[in-house]
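Each chain is listed here by its residues.
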There are 2 protein chains.
Amino acid sequence: MKDHAEKQRVSLDEVFHPRGVAVVGVSASKLGFAELVVDALKRAGFPAIYPVNPKYEEVLGLPCYPSVTAIPGVVDHVVVNIPAESVLKLLDECAEKGVRSVHFFTAGFGESGYRDRADLEKEMLVKARAGGFRIIGPNCVGLYVPGSRVTNHFDDPLDPGPIGFISQSGGHAQNMAYYGRARGLRFSKVVSYGNALDVNESELLDYFAEDPETEIVAAYIEGVRDGARFAEALRNAASRKPVVIYKGGRTEAGRRAAQGHTASMTSSVALFDALCRQVKAIQVDDLDEMVDVLTALRFMSRLPRGNGVALIGAGGGPSVLAGDGMEKEGLRLPGFPTGVQEALKKVLPVPGSIFINPLDTPNLATADGIAAALKVLGPVPEIDMFVYHLGFHPISRWGMGWLSAEAFLKPTIEAMKAAQQEGKPVLLALRPALDLEGMKEFLSVQETFVEAGFPVFHSMRKLARAVARVIAWNRPPAGTG
Amino acid sequence: MKDHAEKQRVSLDEVFHPRGVAVVGVSASKLGFAELVVDALKRAGFPAIYPVNPKYEEVLGLPCYPSVTAIPGVVDHVVVNIPAESVLKLLDECAEKGVRSVHFFTAGFGESGYRDRADLEKEMLVKARAGGFRIIGPNCVGLYVPGSRVTNHFDDPLDPGPIGFISQSGGHAQNMAYYGRARGLRFSKVVSYGNALDVNESELLDYFAEDPETEIVAAYIEGVRDGARFAEALRNAASRKPVVIYKGGRTEAGRRAAQGHTASMTSSVALFDALCRQVKAIQVDDLDEMVDVLTALRFMSRLPRGNGVALIGAGGGPSVLAGDGMEKEGLRLPGFPTGVQEALKKVLPVPGSIFINPLDTPNLATADGIAAALKVLGPVPEIDMFVYHLGFHPISRWGMGWLSAEAFLKPTIEAMKAAQQEGKPVLLALRPALDLEGMKEFLSVQETFVEAGFPVFHSMRKLARAVARVIAWNRPPAGTG
């Protein structure tokens, strides 16, 4: 927070709250990124959208302007999709118009490997500094800030949430919003920053560390230009909020791809890993795992004190596989003491049941059975959390109607909430279907649990891996506890 | 094949081809396993189904008989879902009727942990030996033999295929048929054998090793009663056909569950692993991975000579993640020689493209681009196979119509088939959607590729893990070349 904080520079908070947005390089005849952004902003109800292209008078039903300076209203943010060759002239117009930020979807700069394109990037930065505006990218999808109704994709949710995500990749920024959507994950700001010419990962981490709208920080980073600065920003952010991070380009092939993608000289993986361990950032192995860890952090009713799970559900083979999967991934299924087994036998039918951990009885496909099991198991000290599964049959294959909202879901959710009030979180493992009918039922059941505030995972192993990472992160350092 | 082959015993081949099936313990008022089996057999068009229950005259539109002996026609196979207490009397009837096999869905025998129930199992076996019929189970879902129109689940495919699957768990037997269905996996026989009182894993492995309808063997096994016998059967089967195997109960929790589930004393995991290595059985980590390995074995146009992959697709961030994922899981993405990069630049547009491995150009979302890339890369000696991905956006989110069958899928498949004829397999990584509209599009695209005979995987890491296992299995032993 020293030399890099220039007083006169436009703040990220201003960037994230534009009053008017110009979209430069729109076409009335094709549907590419610029047109999709105009469409997305319209759907989001953003009030002041200005398509720019001298060739058209109207684009997607909006007046189209010949240049940024020709726009009558205030323009704070400019989205650009024109060839790299034409960007310097555009930046002069942006300076004249007094914009706060310019986002380049346009690629073909530093990452192309051509020297003249790297030089062009430097000239762009000079113009931005002189013009008093910020650059996002180039080579990225820019901003998704639901609170400001700013978005770059037509089906991004418009309700904000507590997660801030920075992503060097535009694809991952858009995918994260989509993957997280049905799991209940919502975002304060998602920023795709590409080649990081001006706004970069360190400034964004500093911002999210302070941002009152952001409670959890997630980051997909391919390369870091200033290692010391980044280490400071990551340490600061991770000391205030959970930070979940994936470092792209861990392998030789990934490194080559990152170099071609965002001109990132990916730093030593060992150094990066050591830094994350030291500052207690939660590293993940891919984007799906990031969604899982965010789900655990966001929706567990509290962080479990240890890694002891009571696994309850119906199905013998699936229970074996689930037990194997959970212990492989770092959770533990403590055996139930004899007294607990006897207590379970009093409230659950004995035939077809297995009163161990995993607990497997046909009655765990009924709300009464679930309530009875949770009540008996709640006080067992070795158990830190409950995981409920549906046998990993695709839900529709049961075909017996017991998953109806009234008869099963509503009372089940009540029983689970009651168990959580005793202090131990309940997590769900629901397997997505592989056919359309099954998927319909799956999505409806998932939605019911998510809306009730429960963390839902799509496999037992994914659940276990994510929760084990969160527990390890939450563990007090050796010697203090 | 010595002492355990008794001349007079009913062979498994006879068991798998029954002329008439009785279903004992059906109800006209509920829908449990027995009723679902009657329904499934009807849907499958099995010609001679005999529901049995003295309480009813008709069940699901079929005449219902008071006992097995009251059935007028030939009964070869009996499906049983009556309480354990009543089974001995039933077995006397079965002997009198001259049936070949009796399958017990009924649970609550040896696996219950009660001594008298274990003794009951022994009496059942004595009756079966004396009566000259075989027992499947108890505590399982029994037979799914599409060629005989015998099935236990209403949506099992009725076209047979080259995979034989034995599963100690009924849930896994049914799940496997479902998970494999959309990937094109079809089965010669799926046998769920539960407590393995009579028909067991070793006899089934011997059968599949010889069965001309079975080319690939898959097995889910919780416990093995006769280790030496099993080792011999596994060695024999694996020397003739690829055998893919999951050992349930690898962890403490899994072991407890397996003990409760099928009374299996799971043997030492280390011993089991050593045996699999020695006889070259392909071990997997869960059922999803089994489906992936079976998909690779069944649909790769040939087994790759090495683990070098050319990864082609569109999307920068996804390419980085894909490169990382593949190398983490044991495949290799060799860099393209300069000459190859130059050749690619001649046939693919330079802006927005990255001519390395992973190859990432927007044109790889067009059939012409794919054809051009495959042609240039085909002869590169470091490349053993091609993997094509669609950027791991859920397909529908592109929203630009380029995935239409005529304009994209048909010519793309032609280009991929041409590449395969040059000797290197093409594999696909398609990500299932998480919303209903996207899932519709995903299923249709997946179906087109599967029907064209391609192996489709649902994530890059899953693809890489499965293919790496198959390559390791196919590798000649050290020292032989």
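Residues numbered from 1 in each chain as written. Chains lettered and ligands numbered in written order. Predicted model: local features only at pLDDT ≥ 70, side-chain atom pairs only at ≥ 80, totals over all residues.

A.B. asks: Sorry, what's going on with the sheet that holds strand β15 (residues 354–355) of chain B here?
C.D. replies: For sheets, the rule is that strands pair by backbone hydrogen bonds, running either parallel or antiparallel. Pairing within the open sheet is mixed, and its 6 strands lie in the order β15-β16-β14-β17-β18-β19 (chain B). Across the chains shown, the open sheet's two edge strands, defined by having one partner strand only, are β15 and β19 (456–457) of chain B. (Pairing = 2+ DSSP bridges. Helix = DSSP H or I, 4+ residues; strand = E, 2+ residues; numbered from the N terminus.)

A.B. asks: Which parts of the structure should I look at to understand the sheet that holds strand β6 (residues 101–104) of chain B?
C.D. replies: Residue and element names in this part refer to chain B. Strands sit in the order β2-β1-β5-β6-β7 across an open sheet of 5 strands; the sheet is parallel. The sheet is open, and its two borders are formed by β2 (49–52) and β7 (134–136), each paired with just one other strand. Ignoring strand direction, the axes of neighbouring strands in this sheet form an average angle of 20°. Where β6 meets β7, 3 bridges bridge the pair, whose relative direction is parallel. By the bridge assignment for β7, Ser101 is matched with Arg134. On top of the sheet, helix α3 (residues 87–97) reaches β1 (21–24), β5 (77–80) and β6; it is set at about 165° to β5, its chief contact. (Axes fitted to C-alpha atoms, helices over the stretch in contact; angles between N-to-C directions. Contact = placed C-beta atoms within 7 Å.)

A.B. asks: Can you help me understand the nonpolar core in this one?
C.D. replies: As a rule of thumb, soluble globular proteins bury nonpolar side chains together. Within the largest apolar cluster, 324 residues are counted, with the highest numbers of intra-cluster contacts made by Val23(A), Ala373(A), Val23(B) and Ala373(B). Look past the residues within four positions of Val23(A) in its chain and what remains in contact with it is Ala34(A), Val37(A), Val38(A), Ile49(A), Pro51(A), Val52(A) and Val79(A). (Core = buried A, V, L, I, M, F, W, Y, C linked by C-beta atoms within 7 Å. Buried ≥ 20, exposed ≤ 12 C-beta atoms within 10 Å, placed from the backbone.)

A.B. asks: Explain the pairing of strand β11 (residues 216–221) of chain A here, please?
C.D. replies: On any regular strand, side chains alternate: one points to one face of the sheet, the next to the other face. Residues and elements named next belong to chain A. The buried fraction of β11 is high, at 6 of 6 residues. Neither face of β11 is left uncovered, since the one carrying Ile216, Ala218 and Tyr220 and the one carrying Val217, Ala219 and Ile221 both have all their residues buried. Judged from the 5 bridges that link them, strand β9 (residues 163–167) and β11 form a sheet pairing that is parallel. Among the inter-strand pairings, Gly164 is bridged to a residue of β11, identified as Val217. Of the crossover connections in this fold, the one passing from β11 over helix α7 (residues 227–240) to the parallel strand β12 (residues 243–247) is right-handed. (Right-handed = clockwise from strand over helix to strand, strands pointing away.)

A.B. asks: How should I be thinking about the domain arrangement of chain A in this particular structure?
C.D. replies: It is common to give the size of an interface as the accessible area lost on bringing the parts into contact. Residue and element names in this part refer to chain A. Here chain A is described as being made up of domain 1 (1–299) and domain 2 (301–474). Here the C-alpha centroids of domain 1 and domain 2 sit 39 Å apart. The element that contributes the greatest number of residues to the side of domain 1 that touches domain 2 is helix α10 (residues 287–299), accounting for 7 residues. A per-class count over the side of domain 1 that touches domain 2 returns 7 nonpolar, 2 polar and 4 charged. (Domains from an automatic or database assignment. Nonpolar A, V, L, I, M, F, W, Y, C, P; charged D, E, K, R; others polar.)

A.B. asks: Sorry if this is basic, but what is going on with the pairing of strand β5 (residues 77–80) of chain A here?
C.D. replies: All names here are of chain A. Because side chains alternate across β5, one face comprises the buried residues His77 and Val79, and the other comprises Val78 and Val80, equally buried. Pairing of β5 with strand β6 (residues 101–104), which is carried by 4 bridges, proceeds in the parallel orientation. Looking across to β6, one finds that His77 is bridged to Ser101. Note on the crossover from β5 through helix α3 (residues 87–97) to β6: the handedness is right-handed.

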